[in-house]
Amino acid sequence: MITYLKQTIAKTPVFALFTLVFWCMCGCTSTLTSTQPATQAANSLYDEIGGSKTLNTVFGVAINRIYNDPIIGHYFNGVPKSHLRKQLVSQTCELIGGPCVYEGKAMLDTHKDLNIKEREFYILVEYVQGAMRDVGLTYQQENQILQKLAPIKSETIYL
Amino acid sequence: MFRTQIIAASLCLVSFFSLANSGSRLTATGGITGFEGAAGGGITPWAFISGYGSKEEINGTANVQYLHLNDYTLTTFGASLGIYDRIELSAQRQTLDISSGITSSVFSLLTEGAINTAKSTRIDMDIVTAKVKVLGDGVFDQHSWVPQVAVGAQYKKHRDFDTTLLLPDGTGPLPNQGVARILGAKDDSGTDFFVSATKLYLGHINGFNLLTNLTARYTKANTFGLLGFGSASDDSYKLEWEGTLALLTSPSTVIGVEFRTQTNRLGGLAEEDTVTDAFIAYFPNKSFSLTAAYVDLGNLPMQPSSTGFYLTATANF
Ligand code: HEM
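These remarks concern the structure in this document. These figures come from a predicted structure and were not determined experimentally.

1. Remarks on the overall build of chain B
Now for step 1: Looking only at helices and strands, chain B features three helices and 16 strands.
Now for step 2: Taken over C-alpha atoms, the radius of gyration comes to 20 Å for chain B, in line with the 20 Å a tight globule of 317 residues would show.
Now for step 3: Principal-axis analysis of the C-alpha atoms places the extent of chain B at approximately 65 × 40 × 30 Å.
Now for step 4: The 317 residues of chain B split such that 59% are buried.
Now for step 5: The contacts of chain B with a sequence gap of at least 6 include a subset with a gap of at least 24, amounting to 63%.
Now for step 6: For chain B, the exposed surface amounts to about 11600 Å²; the carbon and sulfur share of it is 63%.
Now for step 7: Averaging the positions of the 21 positive and the 28 negative side-chain charges in chain B gives two centres separated by 6 Å.

This is how it looks when you write it as structure tokens:
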């Protein structure tokens, strides 16, 4: 009994951490869901990062690098940079609570027949992540933006 | 001595491969190498396939690990192959050094004090693990609750089940009985089967990424198999649970906690407790990771409170 007690106490810090993280997880889930429907809440992620101006810089940087990449650059032959940039800005703006409505093509349609590989998808994601970091978004903002873009993966590769 | 050389050689390997292409998946999504060789946390596999290979790539990892728990020291090394982000194959060698303090106490207990000194000993064990991802994308399926799921089989074989424990004069009063056998284990080998469900929640806690993993393991092992498999009275499989909660606090840092339940089939001296750990892992790039942890194993024979530090280095190529 004594040993058991001793061991339970010894493990308390670890269990406390477990509980704390779980608690945080639930707490954050509920705050997220309660603020999500208000797309244009004053404290949307869109406003926090500096709106379309910041997104425009991020995608400008990312697109330049993507177009120059030896492995994925060729996909974009003949795709005007300014067009793609505009579409990516408005799509992301909409996804993170900004006042935009994406009016470009559906993701499945536009990536169909490109036969993009998973490896190539990851290369593109790393350019977008890198651009967000270089433009000065925080790691947390970067993660939250990636969360919104991530599900598009299945609509871009192996089509 | 031999082991020091292996570790030195592995570290050379680490620096050599840091120049090579290690795969395209995102940093940290290959996990670290657990003490049994499977990719995941330190004490439990995750559903993520080892290394950073995408669906089109085959990549490898190599690791060295060190766990110090007072009179017990576990050194392990091994390698794995991640194939098309679908299959993971790994081989690991574990060496558990047991101090003469422990072996002496065991003899003293068995002989009611007639023998009270014995030499230190070691238990070597080989582990081969195969893991297959069966569904889900634990990193990118952010719109659904479905985790990434993998199933695995882990075969373990003792090399010292029959190694006689020696007294200081070189005699062995219990011929061909290694530690596991003396403590009541039935078999020198066993196969675990496990299912792991893993999910990364991007930007979830205050914008940080949260990783959750739950593993169910079907096993006959006593203390991870280091004390053999099954016992004379109980040779059936039991279901055990393992989990990880981790937070990516920066693009290169992960902190987390883990637990792992054990069957406690042998009881007595070999009583098993739930294992817990708290870890910090550093992923400076996709070639290399370093993990430090504080581990609490609970009881080990003759050492009721076994806590200590754990270090893992994994190289990716
Ligand atoms: C989550 C990842 C991705 C997102 C959010 C995304 C988003 C977009 C958007 C918004 C457009 C513009 C559609 C329009 O013109 O109306 C587009 C077009 C395009 N994307 Fe992606 N994309 C992703 C991944 C990829 C990848 C991995 C590649 C190739 C490596 C790729 C190659 C292209 C190309 C070549 C076009 C131009 C198609 C055309 O105009 O014919 N995309 N993408």
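On we go from here.
2. Things to note about the site of the ligand
Residue and element names in this part refer to chain A.
Now for step 1: Contacts to the ligand come from 21 residues, most closely from Tyr-75, His-83, Lys-105, His-111 and Ile-116.
Now for step 2: Within the backbone of Lys-105, a nitrogen or oxygen atom sits 2.7 Å from an oxygen atom of the ligand.
Now for step 3: Among the detected pockets, the ligand sits in the largest pocket.
Now for step 4: Listed by contribution, the elements that provide at least two residues to the shell around the ligand are helix H4 (81-95), helix H5 (107-111) and helix H6 (118-135).
Now for step 5: Examining the composition of the shell around the ligand, we find that five residues originate from one element, H4, more than from any other.
Now for step 6: For the shell around the ligand, the residue count by class is 13 nonpolar, seven polar and one charged.

3. Side note on the state of the cysteines
Residues and elements named next belong to chain A.
Now for step 1: Tallying each qualifying case throughout the model produces one disulfide over all chains.
Now for step 2: A sulfur-sulfur distance of 1.8 Å marks the disulfide that ties Cys-93 to Cys-100. Its S-S torsion of approximately 85° makes the covalent link between Cys-93 and Cys-100 right-handed. A single burial state applies to Cys-93 and to Cys-100, both of which are buried.

4. Some details on the interface of chain A and chain B
Now for step 1: Taken together, the contact between chain A and chain B spans 35 residues of the former and 40 residues of the latter.
Now for step 2: Carbon and sulfur atoms supply 68% of the area buried between chain A and chain B, which totals about 3300 Å² over both sides.
Now for step 3: Taken together, the links from chain A to chain B amount to three salt bridges.
Now for step 4: A salt bridge links Lys-286 of chain B to Glu-126 of chain A; the shortest N-O distance between them is 2.8 Å.
Now for step 5: Connecting chain A to chain B are eleven residue pairs in polar contact (both at pLDDT 80 or more).
Now for step 6: Of all the secondary structure elements, the ones that give two or more residues to the side of chain A that touches chain B are helix H1 (2-35), H6 and helix H7 (139-149) of chain A.
Now for step 7: For the side of chain A that touches chain B, the element with the highest residue contribution is H1 of chain A, accounting for 15 residues.

5. Concerning the environment of Asp-187 of chain B
Residue and element names in this part refer to chain B.
Now for step 1: Tracing the chain through its elements places Asp-187 in strand S8 (residues 185-187).
Now for step 2: On the basis of relative accessibility, which here comes to 25%, the residue Asp-187 falls in the partly exposed class.
Now for step 3: The sequence separation of Asp-187 and His-158 amounts to 29 residues, and the corresponding C-alpha distance is 9.0 Å.
Now for step 4: Setting aside its immediate chain neighbours within four residues, Asp-187 contacts Phe-161, Gly-228, Phe-229 and Asp-235.
Now for step 5: Of the polar contacts made by the side chain of Asp-187, one reaches the side chain of Lys-186; its length is 3.4 Å.

6. Some words on the layout of surface pockets
Residues and elements named next belong to chain A.
Now for step 1: In this structure, the largest pocket spans a volume of roughly 850 Å³.
Now for step 2: In terms of lining, the largest pocket is formed by 31 residues, of which the most central are Phe-76, Leu-84, Leu-88, His-111 and Leu-124.
Now for step 3: Among the secondary structure elements, those contributing two or more residues to the lining of the largest pocket are helix H3 (51-68), H4, H5, H6 and H7.
Now for step 4: Across the lining of the largest pocket, the residue classes tally to 21 nonpolar, seven polar and three charged.

7. A closer look at the sheet that holds strand S15 (residues 288-300) of chain B
Now for step 1: Pairing is antiparallel in the closed barrel, where twelve strands are placed in the order S3-S4-S5-S6-S7-S9-S10-S12-S13-S14-S15-S16 (chain B). Direction aside, the axes of adjacent strands within the sheet are offset by 20° on average.
Now for step 2: Bridge count between strand S9 (residues 189-205) of chain B and strand S10 (residues 208-219) of chain B: ten bridges; the pairing is antiparallel. Bridging from a neighbouring strand, Ala-197 of chain B pairs with Leu-214 of chain B of S10 of chain B.
Now for step 3: Where H7 of chain A meets the sheet, it contacts S9, S10 and strand S12 (238-250) of chain B, and its direction lies at approximately 105° from that of S9 of chain B.
Now for step 4: Contacts from helix H2 (residues 100-110) of chain B reach strand S4 (72-83), strand S5 (87-98), strand S6 (121-135) and strand S16 (303-316) of chain B within the one sheet, and its direction differs from that of S5 of chain B by about 70°.

8. Topic: unusual backbone geometry
Residues and elements named next belong to chain B.
Now for step 1: Its identity is not glycine, yet Asn-70 carries a phi of approximately 55°, on the positive side.
Now for step 2: Checked against the element boundaries, Asn-70 lands in the loop between strand S3 (58-69) and S4.
Now for step 3: With phi around 50°, Glu-112 is a residue other than glycine that occupies positive phi space.

9. A closer look at the pattern of salt bridges
It is possible for side chains of opposite charge to pair when their charged atoms get near one another.
Now for step 1: Following the criterion strictly, the structure yields 26 salt bridges over all chains and no others.
Now for step 2: Here Asp-137 of chain B ties to Lys-153 of chain A by a salt bridge, and the two come within 2.7 Å at their closest N and O atoms. Taken together, the residues span two chains, with Asp-137 of chain B in the loop between S6 and strand S7 (148-158) and Lys-153 of chain A in the segment after H7.
Now for step 3: Residue Lys-153 of chain A is classed as buried on the basis of its relative accessible area, which comes to 6%.
Now for step 4: As a salt-bridge pair, Lys-186 of chain B and Asp-187 of chain B come within 3.4 Å of each other at their nearest N and O atoms.
Now for step 5: Three or more residues joined by partner-sharing salt bridges are found here, namely Glu-36, Lys-156, Asp-192, Arg-217, Glu-242 and Arg-260 of chain B.

10. As for the side chain of Thr-92 of chain A
All names here are of chain A.
Now for step 1: Tracing the chain through its elements places Thr-92 in helix H4.
Now for step 2: In terms of polar contacts, Thr-92 uses its side chain to reach the backbone carbonyl oxygen of Leu-88, at 2.8 Å.
Now for step 3: Apart from residues no more than four positions distant in its own chain, Thr-92 is found in contact with Leu-55, Phe-59, Ile-145 and Leu-149.

Calculation notes
Residues numbered from 1 in each chain as written. Chains lettered and ligands numbered in written order. Predicted model: local features only at pLDDT ≥ 70, side-chain atom pairs only at ≥ 80, totals over all residues. Heavy atoms only, no water. Helix = DSSP H or I, 4+ residues; strand = E, 2+ residues; numbered from the N terminus. Rg over C-alpha atoms; globule rule 2.2 N^0.38 Å. Buried < 20%, exposed > 50% of the residue type's maximum accessible area, 1.4 Å probe, protein only. Contact = heavy atoms within 4.5 Å. Areas by Shrake-Rupley, 256 points an atom, 1.4 Å probe, with all protein chains shown as cover. Lys, Arg positive; Asp, Glu negative; His and termini not counted. Charge placed at Lys NZ, Arg CZ, Asp CG, Glu CD. Near = heavy atom within 4 Å. Polar contact = N/O pair within 3.5 Å; in protein donor to acceptor, adjacent residues only side chain to side chain. 1 Å grid on protein atoms, 1.4 Å probe; cavity = no way out; pocket = protein on both sides within 12 Å on 5 of 7 lines; lining within 4 Å. Sits in = over half its atoms within 2 Å of the grid points. Nonpolar A, V, L, I, M, F, W, Y, C, P; charged D, E, K, R; others polar. Disulfide = S-S within 2.5 Å. Buried area = accessible area lost by both parts, 1.4 Å probe. Salt bridge = Lys/Arg side-chain N within 4 Å of Asp/Glu carboxyl O. Points joined across faces, edges and corners; volume = space filled by probe spheres on them. Pairing = 2+ DSSP bridges. Axes fitted to C-alpha atoms, helices over the stretch in contact; angles between N-to-C directions.

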